[in-house]
Amino acid sequence: MLDFNGILENCGYGKDEPPSVILANIAKLEEFYSSDELVQIYNYFLLNIKNFEVLKGIVKNSSLYKSNETLSILLNILLKKEETTESDEYTDLRVACAKVISEYKDASTLKDLLHCLNDKNENYKIRLACADALGRIGDSYAVKPLIDVVQDENEKSVYVKESATFALGLIGDTSAIDPLVAIMDAKQGIWDKFTFLKEKIVEVLGMLNINNDKVLRVLKNSLMDVSPMVRINAIEALMNSEYEEAPELIRKALHDEDYEVCRNALVALYNIEGRDILEEVISLPCYSDALKQEAENIIKEYEE
């Protein structure tokens, strides 16, 4: 029978050792115990250690030995709030739990993750971590709740909206396309306040990679957006699409006022058309010297 208290003491816990030393000693346990034993040891540590920095390290270690009991403990840590003001260290621990929970790919965790995501009184870092976890688990059950977060006019955190949007891209369910397009249409004229969310929506529409008139309209409009990053995301989405007019639309961006947009357009066209576009840029006077140099660099790196 394992002597958990003795193992914990041998690792230096309770002896005023710094967390780094304790965690280094815990890592060495892998040399002496089987996987099943390590699961028991880590679970005991998770339930009995009070130092949040040490606990965070153990949470990360536990991801190597997944068990239902460990998952239950991680969920309890994620859901439990301190009665007093939550410390940054405790928040970081809960964020680490959300990340490891996502690695289980267990649909039974979705409701707890959604509970934290939808709690507007929750620390925003926890909400971001739970949105990301939902995306990485990849279960379509989360699509509607995530869309609700993105559409929620009372949601004050644009970062939470961005994370929920990206999670939809990770899940890859095309049922998210129409709601995302509708959000873009609804916010026309007031997007200055939502630039980062707009960037994320365009990026996700590219990730979902479906070709229809609604998405094409959004991507065309995005190529003329005031935000260079929105234009870049639209270029990438078009590059990965099957729209016949994609090369023509991207070609216009070769003369964009922002060099990074021009460079991304060149790379996108190279991926679509091959070396011909590089030779064109180098030979014609209508292109900037910087773009000509970029074309030459691509030839040197990939063509020679």
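Preceding this section is the structure that the text describes.
Residues numbered from 1 in each chain as written. Predicted model: local features only at pLDDT ≥ 70, side-chain atom pairs only at ≥ 80, totals over all residues. Heavy atoms only, no water.

Some details on the packing of aromatic side chains
Point 1. With the rule as written, the count across this model stands at four aromatic pairs.
Point 2. Measuring from ring centre to ring centre gives 4.8 Å for phenylalanine 52 and tyrosine 90, while their planes differ by 50°; the resulting arrangement is tilted. Taken as a pair, phenylalanine 52 in helix α4 (residues 52-62) and tyrosine 90 in helix α6 (residues 88-103) lie far apart in primary sequence, 38 residues in all.
Point 3. Feature note: the residues Phe4, Tyr44 and Phe45 constitute an aromatic cluster, connected by ring pairs.
Point 4. One residue, lysine 66, lies across the ring of tyrosine 104, its end atom 5.9 Å from the ring centre. (Phe/Tyr/Trp six-rings, centres within 6.5 Å; stacked < 30°, edge-to-face > 60°. Helix = DSSP H or I, 4+ residues; strand = E, 2+ residues; numbered from the N terminus. Lys NZ or Arg CZ within 6 Å of the ring centre and 35° of its normal.)

A word on helix α10 (residues 158-171)
Point 1. Taking 1.5 Å per residue as the helical rise, α10 with its 14 residues ought to reach 20 Å, and the 20 Å between its terminal C-alpha atoms agrees with that figure.
Point 2. Those residues of α10 lying buried are Val160, Lys161, Glu162, Ala164, Thr165, Ala167, Leu168, Gly169 and Ile171.
Point 3. Here the buried face of α10 lies against α7 (110-118), α8 (124-137), α9 (143-151), α11 (177-186) and α12 (195-208).
Point 4. Looking at the residues trailing α10, positive phi occurs at glycine 172, about 80°. (Expected span 1.5 Å × (residues − 1). Buried < 20%, exposed > 50% of the residue type's maximum accessible area, 1.4 Å probe, protein only. Contact = heavy atoms within 4.5 Å.)

Notes on the side chain of serine 222
Point 1. Counting through the fold element by element, serine 222 comes out in helix α13 (residues 213-222).
Point 2. Discounting chain neighbours no more than four positions away, the residues touching serine 222 are Met184, Val202, Val230, Arg231 and Ala234.

Side note on the packing of helix α3 (residues 35-48) against α4
Point 1. Relative to each other, α3 and α4 sit at 150°, their axes nearing to 10 Å. The angle between α3 and α4 places the two elements in the roughly antiparallel class. The interaxial crossing formed by α3 with α4 has left-handed handedness. Residues Tyr42, Phe45 and Leu46 of α3 form the contact with α4, whose own contacting residues are Leu55, Ile58, Val59, Asn61 and Ser62.
Point 2. Considering only residue class, the contact of α3 with α4 consists of six nonpolar, two polar and no charged. (Axes fitted to C-alpha atoms, helices over the stretch in contact; angles between N-to-C directions. Parallel < 35°, antiparallel > 145°, perpendicular 65-115°, else oblique. Left-handed = near helix turned anticlockwise from the far one by under 90°. Nonpolar A, V, L, I, M, F, W, Y, C, P; charged D, E, K, R; others polar.)

Topic: α7
Each turn of an α-helix holds 3.6 residues, which means side chains three or four residues apart point in the same direction.
Point 1. Along α7, the residues that are buried comprise Leu110, Leu113, Leu114, Cys116 and Leu117. All buried residues of α7 lie within an arc of 160° about the axis, which places them on one face of the element. Facing away from the buried side of α7 by more than 90 degrees, the exposed set consists of Lys111 and His115.
Point 2. The secondary structure elements touched by the buried residues of α7 are α5 (68-79), α6, α8, α9 and α10. (Arc of directions from axis to C-beta.)

Brief notes about the state of the cysteines
Point 1. The full count for this structure, using the stated rule, is zero disulfides.
Point 2. Left unpaired, cysteine 130 is separated from the closest cysteine sulfur, that of cysteine 116, by 4.3 Å.
Point 3. Cysteine 262 takes part in no disulfide bond, and the closest cysteine sulfur, belonging to cysteine 286, lies 11 Å away. (Disulfide = S-S within 2.5 Å.)

Side note on the side chain of arginine 127
Point 1. With respect to the helices and strands, the residue arginine 127 is situated in helix α8.
Point 2. A distance of 2.7 Å separates the side chain of arginine 127 from the backbone oxygen of leucine 117, its partner in a polar contact.
Point 3. In this structure the side chain of arginine 127 is engaged in a polar contact, spanning 2.6 Å, whose partner is the side chain of glutamate 155.
Point 4. Other than its neighbours up to four places away in sequence, arginine 127 contacts Cys116, Leu117, Asp119, Lys120, Glu122, Glu155 and Val160. (Polar contact = N/O pair within 3.5 Å; in protein donor to acceptor, adjacent residues only side chain to side chain.)

A short note on the packing of α3 against α5
Point 1. Between α3 and α5, the shortest axis-to-axis distance is 10 Å and the interhelical angle comes to 15°. When the axis of α3 is compared with that of α5, the two are roughly parallel. As for how α3 packs across α5, the hand of that crossing is left-handed. In contact with Val39, Asn43, Leu46 and Leu47 of α3, α5 contributes Glu69, Thr70, Ile73 and Leu74.
Point 2. In the contact of α3 with α5, the residues fall into five nonpolar, two polar and one charged.

Description of unusual backbone geometry
Point 1. A positive phi angle, near 55°, is found at lysine 105, a position not held by glycine.
Point 2. Note on placement: lysine 105 falls in the loop between α6 and α7.
Point 3. Its identity is not glycine, yet asparagine 209 carries a phi of approximately 50°, on the positive side.
Point 4. Within the element layout of this structure, asparagine 209 appears in the loop between α12 and α13.
Point 5. Judged by relative accessible area, which is 40%, asparagine 209 ranks as partly exposed.

Brief notes about the environment of alanine 295
Point 1. Within the element layout of this structure, alanine 295 appears in helix α18 (residues 289-303).
Point 2. Taking relative accessible area as the criterion, alanine 295 reaches 0% and is therefore assigned buried.
Point 3. In sequence terms alanine 295 and alanine 24 are 271 residues apart; their C-alpha atoms lie 49 Å from each other.

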